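Topology and contacts: notes
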Amino acid sequence: MYNIANLKCFYEYLKHIGVGKSSIAANLSMALAELSKKVGIVDVDICGPSVPKLLNVEGMQVINSQWGWKPLISPLGGIKVLSVGSLLQHSDNAVVWRGPRKTQMIKRFLKDALWGKLDFLVFDTPPGTSDEHLTVVQTLKRSKPDGVIIVSTPQTVSLATIRKEIDFCKKMGIKVLGIVENMSGFICPCCQDQSDLFSSGGAEKLALEYGLTFLGKIPIDLRLTECCEQGQSLFTTYPDSTVTKSFLQLAEKLMLYRSLRGDNISRLTSDQIFPTIG
């Protein structure tokens, strides 16, 4: 049975919870920056942009110079950011665009922006397999991107959707770097005990089924929610928390993958490249 205090804290968390996709992308970017990497992030969730708030660039204006758009610079690690949310007059304005206009905007983010030299360019995409995904894949085809990280929660309903994402990647010839299980266990802010309020291990089983790398688990932690809502860095505000360490380990795995790309990577097993987080 679950501790009543844990459940009370969990329901408080549910008041503010989203799907977790954008928070994973934003915090992974901050983790890479924390490890001294030059990072950019493109928010291609055109209809629901949240990266400006997560990276504390909300209210800043994108400058359109004669050489192209200048990405915003986040105070959280110096991450370069481009999002349609930064182009709206008001953050509450709805974006009601058809596919072709979305496609045009994403291409501008990639081709008409002064990104400069980066170690990592992270894309925060919306759920599903829509125009945004196709545009990114087609535009970056010649650049040969490293691949995608699939984010899932442990529940069966979420895993059913993830199967479609995996199938999309296969059809488009995109490498799946691995699967991350988000909302995997709840950390009580009072006693720091961890409880599995949902089922656990579903994403890991799915990775095994498809022969993919399981990158690890990110627990539910109210401190992460607090930082996301207030535009703060988890890595400076709560540097010793479990969720902070999980993101840093995920970033280190991506850096290791980068360093081993090519002939050397084929000689190592998945466990050697991406040892389990936790």
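Structure shown above.
Heads up: these notes are all about the structure in this document. (Residues numbered from 1 in each chain as written. Predicted model: local features only at pLDDT ≥ 70, side-chain atom pairs only at ≥ 80, totals over all residues. Heavy atoms only, no water.)

Quick notes on the overall build of the chain
On a plain count of helices and strands, the chain comes out with 11 helices and 10 strands. Taking contacts inside the chain between residues at least 6 apart in sequence as the whole, the part at least 24 apart equals 72%. Per element, the accessible surface of the chain, about 14500 Å² overall, is 51% carbon and sulfur. (Helix = DSSP H or I, 4+ residues; strand = E, 2+ residues; numbered from the N terminus. Contact = heavy atoms within 4.5 Å. Areas by Shrake-Rupley, 256 points an atom, 1.4 Å probe, with all protein chains shown as cover.)

With respect to unusual backbone geometry
Here the phi dihedral of Ser36 falls at roughly 70 degrees; this positive angle occurs in a residue that is not glycine. Here Ser36 is to be found in the loop between α2 (21-34) and β1 (39-43).

Examining the sheet that holds β1
If you walk across this open sheet you meet the four strands as β4-β5-β1-β6, and the pairing is mixed. Two strands bound the open sheet, and with one partner strand each, they are β4 (72-73) and β6 (120-124). In the sheet, β1 pairs with β6 via five bridges, with the strands oriented parallel. Pairing of Gly40 across the sheet is with Leu121, part of β6. (Pairing = 2+ DSSP bridges.)

Concerning the pairing of strand β10 (residues 214-221)
By the criterion of burial, β10 is predominantly enclosed, with seven of the eight residues buried. The pairing of strand β8 (residues 176-187) with β10 spans six bridges and is classified as parallel. Directly across from Glu181, in β10, lies its bridge partner Lys217. (Buried < 20%, exposed > 50% of the residue type's maximum accessible area, 1.4 Å probe, protein only.)

Overview of the packing of aromatic side chains
Taken as a whole and judged by the stated rule, the model has one aromatic pair. Seen from their ring centres, Trp69 and Phe109 are 5.8 Å apart, and the 50 degrees between their planes marks the pair as tilted. Of the two residues, Trp69 is situated in strand β3 (residues 68-70) and Phe109 in helix α4 (residues 99-111); the sequence distance between them amounts to 40 residues. Each member of the pair, Trp69 as well as Phe109, is classed as buried. The ring of Trp69 has Arg108 sitting right over it, with the charged end atom 4.0 Å from the ring centre. Arg223 extends its terminal NZ or CZ atom over the ring of Tyr238, reaching a point 5.8 Å from the ring centre. (Phe/Tyr/Trp six-rings, centres within 6.5 Å; stacked < 30°, edge-to-face > 60°. Lys NZ or Arg CZ within 6 Å of the ring centre and 35° of its normal.)

Digging into the packing of helix α6 (residues 156-172) against helix α7 (residues 202-210)
Direction vectors running N to C along α6 and α7 enclose 35 degrees, while the axes themselves pass 11 Å from each other. In this structure, the crossing between α6 and α7 has a hand that is right-handed. Listed contacts from α7 to Leu159, Ile162, Arg163, Ile166 and Lys170 of α6 are Gly202, Ala203, Leu206, Glu209 and Tyr210. Residue composition of the contact of α6 with α7, by class: six nonpolar, one polar and three charged. (Axes fitted to C-alpha atoms, helices over the stretch in contact; angles between N-to-C directions. Left-handed = near helix turned anticlockwise from the far one by under 90°. Nonpolar A, V, L, I, M, F, W, Y, C, P; charged D, E, K, R; others polar.)

Overview of the side chain of Thr135
You can see Thr135 is positioned in helix α5 (residues 131-139). In this structure Thr135 touches Thr103, Ile106 and Lys107, once residues within four positions along its chain are discounted.

Focus on the pairing of strand β5 (residues 80-83)
Judged from the four bridges that link them, β1 and β5 form a sheet pairing that is parallel. The residue bridging Asp43 from the neighbouring strand is Ser83, located in β5. In this structure, β4 lies alongside β5, joined through two bridges in antiparallel fashion. By the bridge assignment, Leu72 is partnered in β5 with Val81. The hairpin formed by β4 and β5 contains six residues between the paired strands, and Gly77 there has a positive phi angle of roughly 95 degrees.

Observations concerning the environment of Thr129
Structurally, Thr129 is set in the loop between β6 and α5. A relative accessible area of 41% places Thr129 in the partly exposed class. Sequence spacing of Thr129 and Glu165 is 36 residues, and the spatial spacing of their C-alpha atoms is 6.7 Å. Excluding residues that lie within four positions of it along the chain, Thr129 makes contacts with Lys164, Glu165 and Phe168.

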